[in-house]
Amino acid sequence: MSELINFAHRGAAGHRPENTMVSFQYALELGATGIETDVQMTRDGHLVLIHDESLQRTTGSPAWVKDVTLEELRLLEAGSWYDEKYRGERIPTLEELLELVRQAGRRVVLNLELKNGLIQYPELERKMIDAVRAFGLSEQTVISSFNHYSLVECKALAPEIKTGILYMEGLYEPWKYAGSIGAEALHAIQYAVRPEFVAEATAHGVAYHPFTVNEIHEMTALIQAGVAGIITDYPDRLAGLLSN
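In short, a report on the structure. Keep in mind it's a predicted model, so treat the numbers as computed, not measured.

## Remarks on the pairing of strand S4 (residues 109-114)
- Most of S4 is tucked away: six of the six residues are buried.
- Pairing geometry for S4 and strand S5 (residues 141-145), over four bridges, is parallel. Within S5, the position partnered with Leu 110 by the bridge is Thr 141.
- You can see the chain leave S4, run along helix H5 (residues 124-134) and come back into S5, and the turn it takes is right-handed.

As structure tokens, then:
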């Protein structure tokens, strides 16, 4: 049995401002073996890491990511909303995270979520795949999305890169659905995961990576169920469990 992947959700989002370089770096320090983040695109075609389509919550700007250039985005401050001591943090580019992972000195799994449900960013799949390949990280990347058409496109463009189906609530026999679109993983909300589902998916060669799991008792139950990875805001909690 391979080692369970400790995916840090938006970095160490329970401890640092989400989707910032300080959050990603701290996640690795806490023992994360994977990093989950959200990929969107600026008006001038740069890939950046932010969850919301709007910049309001994390920067105070009412603009949307799709409507600003990278230069304009870089002027925004994305740390003080979480805590004043993180004032000055910026929204990173995908390339900045790829470089961090490449230099980490150990194998880290990247979970790149395409945020293209509400906004259909042109060429988002191809641009992200090109970047991952350029950094030589294809083998340690999994692409996830709630937009499953996008996952099919990613698999067509890059059969060597794994894909993960994001979904909420009940999906009937999701391991069969995963097989139908060539996906290797199920990124289900934790409440849609049962031990018998995990066993059946594993038998079909499909991994479960449930989200967003922050409580110790929830992590423990999922570990016992046999999931392949857990997405959490607190990678230190999960690392502690896995070290016992």
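Picking up where we left off.
## A word on helix H1 (residues 21-29)
- Among all positions in H1, only Ser 23, Phe 24, Ala 27 and Leu 28 are buried. Looking straight down H1, one finds that the buried residues subtend no more than 135 degrees of arc, so they occupy a single side.
- On its buried face, H1 sits against strand S1 (5-9), strand S2 (34-41), strand S3 (47-49), helix H4 (94-102) and helix H10 (235-243).
- Gly 31 lies just past H1 and shows a positive phi near 105 degrees.

## Observations concerning the pattern of salt bridges
- Applying the stated criterion across every chain yields a total of 15 salt bridges.
- As a salt-bridge pair, Arg 87 and Glu 84 come within 2.4 Å of each other at their nearest N and O atoms.
- Here Arg 126 and Glu 123 are joined by a salt bridge, their closest N and O atoms 2.4 Å apart.
- On the accessibility criterion, Arg 126 (35% relative accessible area) is partly exposed.
- On the basis of relative accessible area, Glu 123 is assigned to the partly exposed category, the value being 44%.
- In this structure, a network of salt bridges that share partners links the residues Arg 10, Glu 18, Asp 38, Asp 52 and Arg 57.

## Here we look at the packing of aromatic side chains
- Taken as a whole, this structure holds four aromatic pairs when the rule is applied.
- Aromatic side chains Trp 81 and Tyr 82 sit 5.7 Å apart centroid to centroid with 80 degrees between the ring planes, which places their arrangement in the edge-to-face category.
- Aromatic side chains Tyr 82 and Tyr 86 sit 6.1 Å apart centroid to centroid with 55 degrees between the ring planes, which places their arrangement in the tilted category.
- By relative accessible area, Tyr 86 is classed as buried at 10%.

## Points about the side chain of Ser 61
- Mapped onto the elements of the fold, Ser 61 is located in the loop between helix H2 (56-59) and helix H3 (70-74).
- Side-chain polar atoms of Ser 61 contact the backbone nitrogen of Ala 63, separated by 3.2 Å.
- Leave out the neighbours within four places in its chain, and Ser 61 touches Ser 54, Leu 55, Gln 56 and Leu 76.

## Side note on the pairing of strand S7 (residues 185-188)
- Burial along S7 is two-sided: Ala 185 and His 187 facing one way and Leu 186 and Ala 188 facing the other are all buried.
- With four bridges connecting them, strand S6 (residues 162-167) and S7 associate as parallel partners. Across the sheet, residue Tyr 167 finds its bridge partner in S7, namely Ala 188.
- For the segment spanning S6, helix H7 (residues 174-180) and S7, crossover handedness is right-handed.
- Bridge count between S7 and strand S8 (residues 207-208): two bridges; the pairing is parallel. Bridge assignment links Ala 185 to a residue of S8, and that residue is Ala 207.

## Observations concerning the side chain of His 187
- Secondary-structure assignment places His 187 in strand S7.
- Polar contacts involving the side chain of His 187 include one to the side chain of His 209, which spans 3.0 Å.
- Dropping the residues within four chain positions of it, His 187 is found in contact with Asn 111, Val 142, Ser 144, Gly 164, Ile 165, Leu 166, Tyr 167, His 209, Phe 211 and Ile 231.

## A word on the packing of H5 against helix H6 (residues 148-157)
- Between H5 and H6, the least distance of the axes is 10 Å, while the angle of their chain directions is 45 degrees. On the basis of the axis angle, H5 is oblique to H6. H6 is crossed by H5, and the crossing has right-handed handedness. Across from Glu 125, Arg 126, Ile 129 and Arg 133 in H5, the residues of H6 making contact are Ser 150, Glu 153, Cys 154 and Leu 157.
- Residue composition of the contact of H5 with H6, grouped by class: three nonpolar, one polar and four charged.

## A short note on the environment of Ile 129
- Here Ile 129 is to be found in helix H5.
- For the pair Ile 129 and Thr 33, spaced 96 residues apart in sequence, the C-alpha to C-alpha distance is 21 Å.

What counts as what
Residues numbered from 1 in each chain as written. Predicted model: local features only at pLDDT ≥ 70, side-chain atom pairs only at ≥ 80, totals over all residues. Heavy atoms only, no water. Buried < 20%, exposed > 50% of the residue type's maximum accessible area, 1.4 Å probe, protein only. Helix = DSSP H or I, 4+ residues; strand = E, 2+ residues; numbered from the N terminus. Pairing = 2+ DSSP bridges. Right-handed = clockwise from strand over helix to strand, strands pointing away. Arc of directions from axis to C-beta. Contact = heavy atoms within 4.5 Å. Salt bridge = Lys/Arg side-chain N within 4 Å of Asp/Glu carboxyl O. Phe/Tyr/Trp six-rings, centres within 6.5 Å; stacked < 30°, edge-to-face > 60°. Polar contact = N/O pair within 3.5 Å; in protein donor to acceptor, adjacent residues only side chain to side chain. Axes fitted to C-alpha atoms, helices over the stretch in contact; angles between N-to-C directions. Parallel < 35°, antiparallel > 145°, perpendicular 65-115°, else oblique. Left-handed = near helix turned anticlockwise from the far one by under 90°. Nonpolar A, V, L, I, M, F, W, Y, C, P; charged D, E, K, R; others polar.

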